[in-house]
Amino acid sequence: MSEQTMADFENELNASFKKFQEGDIVTGTVIGVSDTQITVDLKSYAEGIIAVSDYSADPDFSINDIEIGEEISATVISEDDGNGNIVLSKKEANNVVAWDKLEQLKNDETVLTVKIGGIVNGGVIAYVEGIRGFIPASKLALTYVEDLNEWLNKEVKVQIITADKKENRLVLSAKELLQKEAAEKQSHMISNIEVGLVTEGVVESLQPYGAFVQLSNGLTGLVHISQICNKRIKHPSVVLKEGQHVTVKVIAIKDGKLSLSMKALEEVAAEEIHEEEIELPESEEIATNLGSLLKGIKL
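Calculation rules
Residues numbered from 1 in each chain as written. Predicted model: local features only at pLDDT ≥ 70, side-chain atom pairs only at ≥ 80, totals over all residues. Heavy atoms only, no water. Pairing = 2+ DSSP bridges. Helix = DSSP H or I, 4+ residues; strand = E, 2+ residues; numbered from the N terminus. Buried < 20%, exposed > 50% of the residue type's maximum accessible area, 1.4 Å probe, protein only. Contact = heavy atoms within 4.5 Å. Axes fitted to C-alpha atoms, helices over the stretch in contact; angles between N-to-C directions. Core = buried A, V, L, I, M, F, W, Y, C linked by side-chain atoms within 4.5 Å. Patch = residues over 30% accessible without salt bridge, like charges linked within 9 Å, V, L, I, M, F, W, Y side chains within 5 Å. Areas by Shrake-Rupley, 256 points an atom, 1.4 Å probe, with all protein chains shown as cover. Salt bridge = Lys/Arg side-chain N within 4 Å of Asp/Glu carboxyl O. Lys, Arg positive; Asp, Glu negative; His and termini not counted. Charge placed at Lys NZ, Arg CZ, Asp CG, Glu CD.

Student: I tried to follow the pairing of strand β11 (residues 198-207) on my own but got confused; where do I start?
Tutor: Consecutive side chains of a regular strand alternate in pointing toward one face of the sheet and then the other. As paired strands, β11 and strand β14 (residues 245-254) are joined by five bridges and run antiparallel to one another. Bridging across to β14, V202 finds its partner in H245. Bridge count for β11 against strand β12 (residues 210-215) is six bridges, and the pairing is antiparallel. Looking at the pairing, V202 lines up with Q214 of β12.

Printed below as a string of structure tokens:
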């Protein structure tokens, strides 16, 4: 035990005399935080000093975000600040270390929560690992984003789709996650629907090939033009209009899509009417009626 302790002590002693050179990336522990600088224990002959302005490029960065005991990496800017301290920059280290991490986050398809800190032409800005990232407006939501200002300071879940250190280009996207969530939600709702279900809906849109109807549970299905009514029509608008409330029957579920029919309900109604028209009386009633008829006849 004593030999191991002595060996550890010797290693620490040797490390404390290690000389740092400008450009070296070093790792240390935060031991002090003030309004102007962060002090880092490098387990060396001198402590590291990082000016607040050299800590992060994120405009939302706050000195309150730094915790004592936190381990950080920084780049050596100067071996001596005149007071025996080593001058460091975490901002510069981010440009080396952060890009490697961003590439790993991209490959792992890691879900990140970021805060939108700026609006630019065609999208918004958010920072990841101190690096400025761009979220195109087309990748911010499932639908068209009309006013980007409404997204300022909002937190969104994103994934990295481009991490190009050479071009200093970081692109983020929320759309793929939203699409996955929507697909999972739709799959769950569809699993609770059975063929033959009759339900209410609202005509969402009309296409030459049919009408899309949104059901009460939020799912949308297609009523093919051949399933709208018993008559042949050239376009769904002959019978339907957008916003119209209709009753439909689920006739098929395939690949997560619903096929609906209005014609099937017409056929059921017509069949019921037909059965009612030809309904015959019971055999006993026929005999009774026949007896009454013959009763008044004299032979």
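Student: Would you mind showing me how to read the environment of S73 here?
Tutor: Residue placement: S73 occurs in strand β4 (residues 71-78). Taking relative accessible area as the criterion, S73 reaches 23% and is therefore assigned partly exposed. When neighbours within four sequence positions are excluded, S73 is seen to be in contact with I25, V26, T27, K90 and A93.

Student: What should I look at first to understand the sheet that holds strand β1 (residues 25-33) in this one?
Tutor: Hydrogen bonds between backbone atoms are what pair the strands of a sheet, whose relative direction is either parallel or antiparallel. The strand order around the closed barrel formed by five strands is β1-β2-β3-β5-β4, and the pairing between neighbours is mixed. The average undirected angle you get between the axes of adjacent strands in this sheet is 55 degrees. Pairing between β1 and strand β2 (residues 37-41): four bridges, direction antiparallel. Paired with T29 across the bridge in β2 is D41. The sheet contacts of helix α2 (residues 90-107) involve β1, β3 (48-51), β4 and β5 (86-89), and relative to β4 the element is tilted by about 110 degrees.

Student: I would appreciate a short explanation of the pairing of β1 in the present structure.
Tutor: Summarising the sheet, β1 and β4 pair through five bridges and their orientation is antiparallel. Residue G28 lies in a different strand from β4, and its bridge partner there is I72.

Student: Looking at this structure, how should I read the environment of I50?
Tutor: With respect to the helices, strands and loops of the structure, I50 is situated in strand β3. I50 sits in the buried class, given a relative accessible area of 0%. The spacing of I50 and K91 is 41 residues in sequence and 9.5 Å in space, taken between C-alpha atoms. With near-sequence residues (within four places) excluded, I50 lies in contact with T36, Q37, I38, V40, Y55, I72, A74, L88, S89 and K90.

Student: Honestly, the nonpolar core in this entry has me stumped. Any pointers?
Tutor: One recurring pattern in soluble globular proteins: nonpolar side chains tend to sit buried together. One finds L102, I135 and L170 to be the most contacted residues of the largest nonpolar core, which totals 24 residues. Those residues in contact with L170, other than ones at most four positions away along the chain, are W99, L102, V128, I131, R132, G133, F134, I160, T162 and A163.

Student: What's the story with a negative patch on the surface in this structure? I'm lost.
Tutor: Residues E22, E79, D80 and D81 make up a contiguous surface patch of negative charge. When you line up the elements, E22 lands in the loop between α1 (2-16) and β1.

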